[in-house]
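The chain contents come next:
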Amino acid sequence: STNGKSKVLITGGWIGTLALMMSAWELPVSVTNVDLDGRALRIADTLNYDFDYKSLMMDMYAVNYGEYDVIINTSSEHIGDIPAWRKLIPPG
């Protein structure tokens, strides 16, 4: 955690609506949204302008998952080999 906030990673978070809901609920989180769609991330940045939020345009297979307290995969239907992806997630 950072400053008492849980570090949340959303993979395939698209335009950032899940992060926006976390902001609206005033959850004590710092959110990173990873997506391959740069246009969607620009919208996400606009929606989450006043929240502890950042976008990363990158492949979910390249993420260092050990940096995060909570991992939310909103695009598992796009993963061809879920067991291989799950091996990237640290235990716990």
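Residues numbered from 1 in each chain as written. Predicted model: local features only at pLDDT ≥ 70, side-chain atom pairs only at ≥ 80, totals over all residues. Heavy atoms only, no water.

## Some remarks on the pairing of strand S1 (residues 6-11)
And then number 1: Note: S1 against strand S2 (residues 29-35), six bridges, orientation parallel. Following the sheet pairing, Ser6 is matched in S2 by Val29.
And then number 2: Handedness of the crossover joining S1 and S2 through helix H1 (residues 17-24): right-handed.
And then number 3: Direction of pairing for S1 relative to strand S4 (residues 70-73): parallel, over a ladder of four bridges. By the bridge assignment, Leu9 is partnered in S4 with Ile71. (Pairing = 2+ DSSP bridges. Helix = DSSP H or I, 4+ residues; strand = E, 2+ residues; numbered from the N terminus. Right-handed = clockwise from strand over helix to strand, strands pointing away.)

## Quick look at a nonpolar patch on the surface
And then number 1: On the surface, a nonpolar cluster with roughly 200 Å² of combined accessible area is contributed by Leu20, Ile43 and Leu47.
And then number 2: Relative to the elements of secondary structure, Ile43 occurs in helix H2 (residues 38-47). (Patch = residues over 30% accessible without salt bridge, like charges linked within 9 Å, V, L, I, M, F, W, Y side chains within 5 Å. Areas by Shrake-Rupley, 256 points an atom, 1.4 Å probe, with all protein chains shown as cover. Salt bridge = Lys/Arg side-chain N within 4 Å of Asp/Glu carboxyl O.)

## Digging into the pattern of salt bridges
A side chain of one charge can pair with a side chain of the opposite charge if their charged atoms are brought near each other.
And then number 1: Inspection of every chain in the model, using the stated rule, returns one salt bridge.
And then number 2: One salt bridge connects Lys5 with Asp52, and the closest N-O pair in it is separated by 3.2 Å. Residue Lys5 is located in the segment before S1, and its partner Asp52 is located in the loop between H2 and strand S3 (53-57); the two are separated by 47 residues in the primary sequence.
And then number 3: Judged by its relative accessible area of 28%, Lys5 is partly exposed.
And then number 4: Asp52 sits in the partly exposed class, given a relative accessible area of 32%. (Buried < 20%, exposed > 50% of the residue type's maximum accessible area, 1.4 Å probe, protein only.)

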